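Observations on the three-dimensional arrangement
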Amino acid sequence: MHQQTMTQQTMTQQTISAQQFQQQFNSANDTLIDVRAAAEYREIHLVDATNLPLDQITGEQAATHNSERCYLICKAGKRAAMAAEKIAASYPGELIVVEGGTDACVELGMDCQRDKGVMSLERQVRIAAGALVLLGVVLSLTVHSGFIALSAFVGAGLVFAGITDTCGMGLLLTKMPWNR
């Protein structure tokens, strides 16, 4: 019984390249869900994509689009795979993760929409991290030497983000009102 459940789940989830996506996606019959944060989506997204951020997506929401195939996309593919795992049990159709994500699709020249007035989440993280490191150094020189721990904490967070490809500061910034 357990073997059958695993096989069924494997049949309903798959990963394809951006090239395969470009060849097989049909906007009239298929659903494309972008699971990035709203600010990332507004910055650039494929024309046919609907935004349902990873922290909010459910299988029921994805199923409201009434298609048998649901393509999941993010910036590069990791969050889309996480979304597929999250909703696989409650989504009635086929879930397909687009490997390489929006970045790969843009490289292929697929139709996208850009909003030049939006500051990318990556840029926001760099500004916040740089400001916190600078603040820690200035406070350690002018107020108390213990404030250097702030700079060390931010540095350790950046190393962790690089190793795990998960950015806590980025996740925090997606919750800010200007990124909603």
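Notes on the structure in this doc start here. None of these values were measured; they are calculated from a predicted model.

With that settled, consider the environment of Gln-24. Structurally, the position occupied by Gln-24 is in helix H2 (residues 18–24). The spatial distance from the C-alpha of Gln-24 to the C-alpha of Gly-155 is 43 Å, given a sequence separation of 131 residues. Every residue in contact with Gln-24, bar those within four places of it in the chain, is listed here: Ile-16, Asp-30, Arg-69, Tyr-71 and Ile-96. A polar contact of 3.1 Å, which involves the side chain of Gln-24, links it to the side chain of Tyr-71.

We now examine the nonpolar core. Among the nonpolar cores identified, the biggest contains 17 residues, and Ile-33, Val-35, Ile-57, Cys-70, Leu-72 and Leu-95 are the most heavily contacted of them. Of all the secondary-structure elements, those providing two or more residues to this core are strand E5 (69–73), helix H5 (78–87) and strand E6 (94–98). Looking at this core element by element, the count peaks at four residues for H5. Apart from the residues within four sequence positions on either side, Val-35 is in contact with Leu-52, Pro-53, Leu-54, Ile-57, Leu-72, Ile-73, Cys-74, Arg-79, Ala-80 and Ala-83. Listed in part, the 15 residues of the second largest apolar core include Tyr-41, Ala-49, Val-98 and Met-110.

The next point concerns the environment of Ala-152. With respect to the secondary-structure elements, Ala-152 resides in helix H8 (residues 148–164). Given a relative accessible area of 52%, Ala-152 falls into the exposed group. For the pair Ala-152 and Arg-126, spaced 26 residues apart in sequence, the C-alpha separation works out to 15 Å.

Moving on: the pairing of E5. The element E5 is largely enclosed, with a buried count of four among its five residues. Looking at chain direction, strand E2 (residues 31–34) and E5 are connected through four bridges and run parallel. Among the inter-strand pairings, Asp-34 is bridged to a residue of E5, identified as Ile-73. Two elements, E5 and E6, share four bridges in a ladder whose sense is parallel. Within the sheet, the bridge partner assigned to Arg-69 lies in E6 and is Glu-94. A crossover connection joins E5 to the parallel E6 through H5; in handedness this β-α-β unit is right-handed.

The rules behind each value
- Every chain's residues receive numbers from 1 upward, in the order its sequence appears when written.
- Owing to the predicted nature of the model, reporting of local features is limited to residues with pLDDT of at least 70; listing and counting of side-chain atom pairs is limited to 80 or more, with chain, interface and lining totals taken over all residues.
- Hydrogens and waters are ignored; side-chain quantities use all the structure's heavy atoms.
- Strands here mean DSSP runs of E at least two residues long; helices mean DSSP runs of H or I at least four residues long; both are numbered from the N terminus.
- The contact criterion used throughout is that any non-hydrogen atoms of two residues lie within 4.5 Å.
- Whenever a nitrogen or oxygen atom comes within 3.5 Å of another N or O atom, the pair is scored as a polar contact, on the condition that within protein one atom can donate a hydrogen and the other can accept it, and that pairs from neighbouring residues in sequence are kept only if both atoms are in side chains.
- To qualify as a nonpolar core, a set must consist of buried Ala, Val, Leu, Ile, Met, Phe, Trp, Tyr and Cys residues joined through side-chain atoms within 4.5 Å.
- When accessible area is computed with a 1.4 Å probe and restricted to protein chains, residues below 20% of their type maximum are described as buried, those above 50% as exposed, and intermediate ones as partly exposed.
- DSSP bridges decide pairing: two strands pair if at least two such bridges lie between them.
- Call a crossover right-handed when, viewed with both strands pointing away from you, the route from the first strand across the helix to the second goes clockwise.

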